[in-house]
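The primary structure of each chain is shown beneath.
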Amino acid sequence: MNYYLRNSLLFLGVCLASCASPEQVKYEQYVISGGELYQTHCSNCHSKEGEGLRNLYPPIRQIDFLKNVSLVTCSIKNGLSGPMEINGKMYNQKMPANKNLYNLDIAQIITFMNDKWGQTKKLVDTEEVAKVVCE
Ligand code: HEC
């Protein structure tokens, strides 16, 4: 490889690793931790890739629900039950409450789900989750 080209690629590599803004670094951290938490607490039902499980568990992919931080937060904290239509299909099973997840965990899980399957890739902060009042 051409010497100059190699050096500029090297510079680009170093810059990508260290020139990221603090916000970007925080976003990446949320997505990574959120992904691990999702695999532990959610993927049993909603599946690793968020497509759900047949008529039992609804998908997380491409759902409007994700935009609503309060709704998702309260669903995670208190669980969900009763008939629900998602992407034109009816579901009616129980989602258990997650009383042992911290607001930070929930913020990371929602950030991860948005990053992978949502329409908006933006960090959902712990304070935003903490402000939510569930019934
Ligand atoms: C035991 C299985 C189970 C687990 C574990 C579970 N869910 Fe659910 N989830 C469900 C069911 C069933 C519904 C639909 C509830 C209904 O029909 O009222 C649902 C609904 C949802 C919905 C709204 C509907 C949709 O698909 O958009 C979201 C968002 C959601 N779950 C996210 C999560 C997250 C995040 C976790 C992990 C913290 C999680 N779920 C863990 C079973 C589960």
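Parameters at a glance
Residues numbered from 1 in each chain as written. Predicted model: local features only at pLDDT ≥ 70, side-chain atom pairs only at ≥ 80, totals over all residues. Heavy atoms only, no water. Buried < 20%, exposed > 50% of the residue type's maximum accessible area, 1.4 Å probe, protein only. Helix = DSSP H or I, 4+ residues; strand = E, 2+ residues; numbered from the N terminus. Contact = heavy atoms within 4.5 Å. Disulfide = S-S within 2.5 Å. Donors = N, O, S within 2.8 Å, 3.2 Å for Na, K, Ca; no water. Tetrahedral: all angles 85-135°; square planar, octahedral: opposite > 155°, others 65-115°. Phe/Tyr/Trp six-rings, centres within 6.5 Å; stacked < 30°, edge-to-face > 60°.

With respect to helix α4 (residues 69-78)
Working step 1: Here α4 has its buried residues at Val 69, Val 72, Thr 73, Cys 74, Ser 75 and Ile 76.
Working step 2: For α4, the elements touching its buried residues are α5 (103-117) and α6 (126-131).

With respect to the state of the cysteines
Working step 1: Under the defined criterion, the tally for this structure stands at 1 disulfide.
Working step 2: The partner cysteine of Cys 74 in its disulfide is Cys 134, sulfur to sulfur 2.2 Å. Between Cys 74 and Cys 134 the disulfide shows an S-S torsion of about -90°. By sign, it is left-handed. Here Cys 74, found in helix α4, pairs with Cys 134, found in the segment after α6; they are 60 residues apart in sequence, far enough to count as distant.
Working step 3: A residue is classified by how much of its surface remains accessible, and Cys 74, at 16% relative accessible area, is buried.

Quick notes on the coordination of the iron atom of the ligand
Working step 1: Looking at the iron atom of the ligand, one finds its protein donor set to be His 46 (NE2) and Met 95 (SD), positioned 2.0 to 2.1 Å from the metal centre.
Working step 2: Because the angles between the 6 donor atoms bound to the iron atom of the ligand fall within 87 to 178°, the donor set is best described as octahedral. Separated by 49 residues along the polypeptide, His 46 in helix α3 (residues 43-46) and Met 95 in the loop between β2 (89-91) and α5 bring together distant segments of the chain.
Working step 3: Of the residues examined, His 46 reaches a relative accessible area of 11% and is grouped as buried.

Looking at the packing of aromatic side chains
Working step 1: Evaluation of the coordinates by the stated rule reveals 3 aromatic pairs.
Working step 2: When the centroid spacing of 5.5 Å and the interplanar angle of 40° are considered together, the rings of Tyr 38 and Phe 112 count as tilted. With Tyr 38 in helix α2 (residues 22-41) and Phe 112 in helix α5, this residue pair connects regions lying 74 residues apart in the sequence.
Working step 3: Tyr 38 gets classed as buried once you look at its relative accessible area, which sits at 0%.
Working step 4: Judged by its relative accessible area of 7%, Phe 112 is buried.
Working step 5: Ring pairs connect the aromatic residues Tyr 38, Phe 112 and Trp 117, which therefore count as one cluster.

Let's talk about unusual backbone geometry
Working step 1: In this structure, Ser 47 takes a positive phi of about 75° despite not being glycine.
Working step 2: Accessibility expressed as a relative area gives 16% for Ser 47, which makes it buried.
Working step 3: A positive phi angle is found at Arg 54, which is not glycine, with a value near 35°.
Working step 4: As for its placement among the helices and strands, Arg 54 is situated in the loop between α3 and α4.
Working step 5: Owing to a relative accessible area of 68%, Arg 54 belongs among the exposed residues under this scheme.

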